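Here are the chains, one letter per residue:
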Amino acid sequence: MRSSGFSFIAPLLVLMVFAFNLPILYMLGLAFWSKGQGFTLEHYEGLVEAPVYLRVLGNTMRIALIATLANVIIGYPLAHWMRGLQNRARLIAIALVVLPFWVSILVRTYAWIVVLGNGGLVNRALMWLGLTDAPVSFLYNELGVTIGMANVLLPFLVLPLFAAMIRIDDRLMQAAASLGAPPRTIFWKVYFPLTLPALAAGTLLVFILCLGFYVTPAILGGGRVPMISNLLDTLINQIPRWEQASAISTILLIVTLLIFAAYRRLDRKASA
Amino acid sequence: MSDIRLEGVTKRYGPVAAADDVDLSVAQGEFVTILGPSGSGKTTLLSLIAGLNRPTAGRIFIGGRDVTEATAQERNIGLVFQSYALFPHMTVLENVLFPLGVRKIGGAAARSQALEALKLVRLDGLEGRRPSQLSGGQQQRVALARAIVFKPDILLLDEPLGALDRKLREELQVELKQLQRTLGVTTLLVTHDQEEALSLSDRIMVLNHGKTQQVAAPAEAYLKPANRFVAEFLGIANFVGLDGGRTGLVRPERVRLGPGGVNGGRPARVIEAIYLGQMVRYHLAIEGSEGAPIVAAVPFVGRAWQAGESVAVSWDAADIWPVT
Ligand SMILES: Nc1ncnc2c1ncn2[C@@H]1O[C@H](COP(=O)(O)OP(=O)(O)O)[C@@H](O)[C@H]1O
Ligand SMILES: [Mg+2]
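Since we're looking at a predicted model, the values are computed, not measured. (Residues numbered from 1 in each chain as written. Chains lettered and ligands numbered in written order. Predicted model: local features only at pLDDT ≥ 70, side-chain atom pairs only at ≥ 80, totals over all residues. Heavy atoms only, no water.)

S.K.: Any details on the overall build of chain A? Residues and values, ideally.
M.R.: Tallying secondary structure elements over chain A gives 12 helices and 2 strands in all. Reading chain A from its N terminus to its C terminus gives the helix and strand order α-β-β-α-α-α-α-α-α-α-α-α-α-α. Taken across its 272 residues, chain A has 39% of its residues classed as buried. Considering only contacts within chain A whose residues lie at least 6 apart along the sequence, 70% involve residues at least 24 apart. (Helix = DSSP H or I, 4+ residues; strand = E, 2+ residues; numbered from the N terminus. Buried < 20%, exposed > 50% of the residue type's maximum accessible area, 1.4 Å probe, protein only. Contact = heavy atoms within 4.5 Å.)

Written as structure tokens, this is what we have:
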């Protein structure tokens, strides 16, 4: 039985190995290979010696962290608010959260240029209100990149969080109230701990996605906010220095896998 | 310890009155059961007393204090939910410690108080478990321990035994009654099971469509129901015609059976004889009567009548209760 099942998926497996896994392995291997020399760690040494690489890596981590934090600060209250809605309003809210999934990420990112640009909606509103004299530059800096990433990734946090919140029985909060707990205690001792696994899982997922983000930093950063994926683009398409690129990719992959392992553990706890 | 008084308590959900002008007094230390079919407003009434809900009209007094506008946390009430509502992310002990922590009782004092409550409900040794690792009966006891650990003024129980199987339910009924007597806490229990209501309580309040039907001691409600609904809800009811077109109630235990042809009894035929252990229940068709069969419950002593046999049926005039 097992062998017949295997023969069914074998062609697919061959395709996967040759089309996806081998190129990845080849790419990872490049980082440890030097022409004429064989195995080497010199590309990693190169990374350490040229501080720009580590700076970009650190930069990426920081922006990812801020965007993730912004996501949590917006996403948690949003999911909680959705939980309290009546059926119809809730459906509309879910649709509004999911809607961005159906719009191309390029369109959404360019939309931010319209909103945040010097002559954009936000700046015109600020100047009309007299809050600023000159336009605030939201674009082509870290702020724009962070706003754009937070927006694009919001559904990845809100949906699992909402799913966890909706599973919490209202009677648990009522029980806590009947046992004498004030609203603050009910939130921190009962409600929040029950959403924590989903919150942690969603946060890690968003963080991982932030790390590898390309389109939004490229457009909203205008080439002035270097993140890992944009650096890789330069190293591969422009310079090109494939070995350096693969060394960076290897580091990014390891970091991502570590975070993903943590995510899996939390996710299993969340669904238990 | 406190008494409870409801005055004209009404709760409307749109056109539905889940509680409709309910008056009730529960004395200090008394055990009162609210009995009614599903949807009659029992849970609504408890949630109003617990402060999880505000009445549309009427006033609620606990220990003489008007608490109608007080929040749940200001009322010091122990409430056991129909679904137990244990905190799934806490252990048994943490669940029982929760109301103490809220009251700023901590450390060894809280711990020993919690363990004592768990001992009262015979759960000692399970304090490290999660609710999901317990059986239904054990979860029920945790909910009970959590509701009594902080020495509440009153204890409210919403169908606490409803989800358990029969044997366990009967065991826990006895325990609950003993526990209530030990603590001397004013208790209001809600159930749709009339046997539970009759066996546990000092008094019962029968509820239907949010309206009080009767408040009385169990035996009185059973034998002298205020109306037809109470008569039928509390057990098997035989309705017999009385002079002047009125209707009378005769309970099955009050119906006497004798051999057919004996003077003084109405001739009847046995339709069905159901053996119940100590008792046999007969369904009897009175000869010349078109009405519903008469049900008799007779102690089983050696021999039972068989279906199809002719018997004589009689009851004392004193055992008839007129109902409207
Ligand atoms: N939150 C609510 N919103 C609307 N109707 C409700 C609500 N809670 C209860 N009801 C209605 O009130 C009536 C009594 O409900 P409930 O108190 O739960 O009855 P019981 O506990 O006796 O089964 C039912 O008709 C129910 O549909
Ligand atoms: Mg109910």
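S.K.: Explain the environment of Arg 265 of chain A to me, using residue names and the numbers behind them.
M.R.: Checked against the element boundaries, Arg 265 of chain A lands in helix 12 (residues 242-271). Sequence separation of Arg 265 of chain A and Ala 201 of chain A is 64 residues, and the distance between their C-alpha atoms is 8.6 Å.

S.K.: Please give an account of the sheet that holds strand 5 (residues 65-66) of chain B that cites residues and values.
M.R.: All names here are of chain B. Spatially, 4 strands are ordered 2-1-4-5 in an open sheet, and the strand pairing comes out antiparallel. Of all the strands in the sheet, the pair left with one neighbour each is strand 2 (16-26) and strand 5. Across the sheet, helix 1 (residues 42-50) touches strand 1 (4-13), strand 2 and strand 4 (57-62), and the angle it forms with strand 1 is around 120°. (Pairing = 2+ DSSP bridges. Axes fitted to C-alpha atoms, helices over the stretch in contact; angles between N-to-C directions.)

S.K.: Outline the domain arrangement of chain B, supporting the account with residue identities and numerical values.
M.R.: Reports often express the size of an interface as the amount of accessible area lost when the parts come together. Residues and elements named next belong to chain B. Examined at the domain level, chain B breaks down into domain 1 (4-230) and domain 2 (238-323). Summarising the inter-unit geometry, the C-alpha centres of domain 1 and domain 2 are found 39 Å apart. Tallying the contact residues gives 7 residues for domain 1 and 9 residues for domain 2. Taken together, both faces of the contact between domain 1 and domain 2 bury some 740 Å²; the carbon and sulfur share is 58%. Across the contact surface, domain 1 and domain 2 share 0 salt bridges. Viewed at the interface, domain 2 and domain 1 are joined by 3 residue pairs in polar contact (both at pLDDT 80 or more). Listing elements by their share of the side of domain 1 that touches domain 2, those giving two or more residues are helix 7 (218-223) and helix 8 (228-233). (Domains from an automatic or database assignment. Buried area = accessible area lost by both parts, 1.4 Å probe. Salt bridge = Lys/Arg side-chain N within 4 Å of Asp/Glu carboxyl O. Polar contact = N/O pair within 3.5 Å; in protein donor to acceptor, adjacent residues only side chain to side chain.)

S.K.: I'd like to hear about the interface of chain A and chain B, residue by residue, with values.
M.R.: Taken together, the contact between chain A and chain B spans 18 residues of the former and 19 residues of the latter. In total, about 1500 Å² of surface goes out of reach between chain A and chain B, with carbon and sulfur atoms giving 72% of it. When the buried area of chain A at its contact with chain B is split by residue, Leu 172, Ser 178 and Leu 179 of chain A rank highest and sum to 40% of it. Linking chain A with chain B are 0 salt bridges. Viewed at the interface, chain B and chain A are joined by 2 residue pairs in polar contact (both at pLDDT 80 or more). When residues of the side of chain A that touches chain B are traced back to their parent elements, those giving at least two are helix 8 (170-178) and helix 9 (183-211) of chain A. The element that contributes the greatest number of residues to the side of chain A that touches chain B is helix 8 of chain A, accounting for 7 residues. For the side of chain A that touches chain B, a count of residues per class yields 11 nonpolar, 4 polar and 3 charged. (Nonpolar A, V, L, I, M, F, W, Y, C, P; charged D, E, K, R; others polar.)

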